[in-house]
Amino acid sequence: MDCLFCKIATKELPAEIVYEDDRTIAFLDIRPINKGHTLVIPKDHALNIYEIDDERLCDVMKSAKRLAGVVKAATNAEGINIGMNNGPAAGQVVMHAHVHVIPRFADDGHAHWHGEPYAEDELEAFGKLIRDAASAA
Ligand code: 5GP
Ligand code: ZN
């Protein structure tokens, strides 16, 4: 399979690796939101959160947690965003599951997500929609 992050995981392609264990590897994003922006991936190929094995996702999240503290300390960040884009509409460009660990600073100029309140009855309607989907899953 021609997958960029698989090739980084097997070291066929270079990357600035900052952490590695048996099942996960973490390296610097080449186009960082802020310097030190790190990507954590499973070494085994998985497309996204829907397809990744539960245990493997736990491995990735454990590494992301560890790196959150490490990246924060190393970059003197004031906060850390943890993010995962799943599907092109959500901004996923590389089709190998990955978690972003992004150092943040109060004055870094990046906007936070802007929420809008629900219209009348919508909150309950969406609650029901999602509860029904959860009980069918
Ligand atoms: P996505 O938008 O899929 O969640 O994030 C993919 C990320 O991978 C982007 O932030 C992008 O800058 C990064 N990226 C794309 N190609 C490469 C690469 O060849 N090497 C590294 N280290 N990062 C990459
Ligand atoms: Zn892959």
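Residues numbered from 1 in each chain as written. Chains lettered and ligands numbered in written order. Predicted model: local features only at pLDDT ≥ 70, side-chain atom pairs only at ≥ 80, totals over all residues. Heavy atoms only, no water.

**Q** Would you mind going over the coordination of the zinc ion (ligand 2) with me for this structure?
**A** For a metal bound by four donors in tetrahedral geometry, the ideal donor-metal-donor angle is 109.5 degrees, whereas six donors in octahedral geometry ideally sit at 90 or 180 degrees. Surrounding the zinc ion (ligand 2) are the protein donor atoms Cys3 (SG), Cys6 (SG), His45 (ND1) and His96 (ND1), which sit 2.0 to 2.3 Å from the metal. One can describe the site at the zinc ion (ligand 2) as tetrahedral: its four donor atoms subtend angles covering 106 to 116° at the metal. One chain supplies every donor for the zinc ion (ligand 2), spaced along it as C-x2-C-x38-H-x50-H. On the criterion of sequence distance, the pair formed by cysteine 3 in the segment before helix H1 (4-9) and histidine 45 in the loop between strand E3 (38-42) and helix H2 (54-75) is long-range, its members being 42 residues apart. Accessibility expressed as a relative area gives 31% for histidine 45, which makes it partly exposed. (Donors = N, O, S within 2.8 Å, 3.2 Å for Na, K, Ca; no water. Tetrahedral: all angles 85-135°; square planar, octahedral: opposite > 155°, others 65-115°. Helix = DSSP H or I, 4+ residues; strand = E, 2+ residues; numbered from the N terminus. Buried < 20%, exposed > 50% of the residue type's maximum accessible area, 1.4 Å probe, protein only.)

**Q** What should I look at first to understand the layout of surface pockets in this one?
**A** Gaps between atoms show up when a probe of the same size as a water molecule is rolled over them. Each pocket or cavity is described by its volume, and for the largest pocket that value is around 870 Å³. Lining the largest pocket are 31 residues; nearest its centre among them are Asp29, His37, Leu39, Asn85 and His100. Broken down by secondary-structure element, the contributors of at least two residues to the lining of the largest pocket are H1, strand E2 (24-28), strand E4 (79-83) and strand E5 (99-104). Of the residues assigned to the lining of the largest pocket, the class counts are 17 nonpolar, ten polar and four charged. (1 Å grid on protein atoms, 1.4 Å probe; cavity = no way out; pocket = protein on both sides within 12 Å on 5 of 7 lines; lining within 4 Å. Points joined across faces, edges and corners; volume = space filled by probe spheres on them. Nonpolar A, V, L, I, M, F, W, Y, C, P; charged D, E, K, R; others polar.)

**Q** Sorry, what's going on with the pairing of strand E1 (residues 17-20) here?
**A** Remark: a regular strand shows side chains that alternate across the two faces of the sheet. Two strands pair when backbone bridges link them, and E1 and E2 are joined in this way by three bridges, in the antiparallel orientation. Opposite tyrosine 19, over in E2, you have alanine 26 as the bridge partner. (Pairing = 2+ DSSP bridges.)

**Q** Hey, could you run me through the pattern of salt bridges in this one?
**A** Side chains that carry opposite charge are capable of pairing whenever their charged atoms lie near each other. Going through the model one piece at a time under the given rule, you end up with eight salt bridges. Here lysine 11 makes a salt bridge to glutamate 20, at a shortest N to O gap of 3.1 Å. Residue class for lysine 11 comes out partly exposed when judged on its relative accessible area of 45%. Note that glutamate 20 is salt-bridged to lysine 43, the shortest N-O span being 2.8 Å. Residue glutamate 20 is located in strand E1, and its partner lysine 43 is located in the loop between E3 and H2; the two are separated by 23 residues in the primary sequence. A cluster of three or more residues bridged by salt bridges with shared partners is formed by Arg23, Asp44, Arg56 and Asp59. (Salt bridge = Lys/Arg side-chain N within 4 Å of Asp/Glu carboxyl O.)

**Q** Explain the state of the cysteines to me, please; I cannot follow it from the model alone.
**A** One way to say it: the disulfide is the covalent bond shared by the sulfur atoms of two cysteines. With the rule as written, the count across this model stands at zero disulfides. In this structure cysteine 58 is a free cysteine whose sulfur lies 20 Å from that of cysteine 6, the closest cysteine sulfur available. Assessed through its relative accessible area of 46%, cysteine 58 is described here as partly exposed. (Disulfide = S-S within 2.5 Å.)

**Q** What's the story with the sheet that holds E5 in this structure? I'm lost.
**A** Picture the strands of a sheet paired through backbone hydrogen bonds; they go either parallel or antiparallel. Spatially, five strands are ordered E1-E2-E3-E5-E4 in an open sheet, and the strand pairing comes out antiparallel. Either end of the sheet is taken by a strand with one partner, and the two such strands are E1 and E4. Adjacent strand axes in the sheet meet at a mean angle of 20° when their direction is disregarded. Bridging between E2 and E3 involves five bridges; their strand directions are antiparallel. Residue pairing in the sheet places isoleucine 25 in a bridge with isoleucine 41 of E3. (Axes fitted to C-alpha atoms, helices over the stretch in contact; angles between N-to-C directions.)

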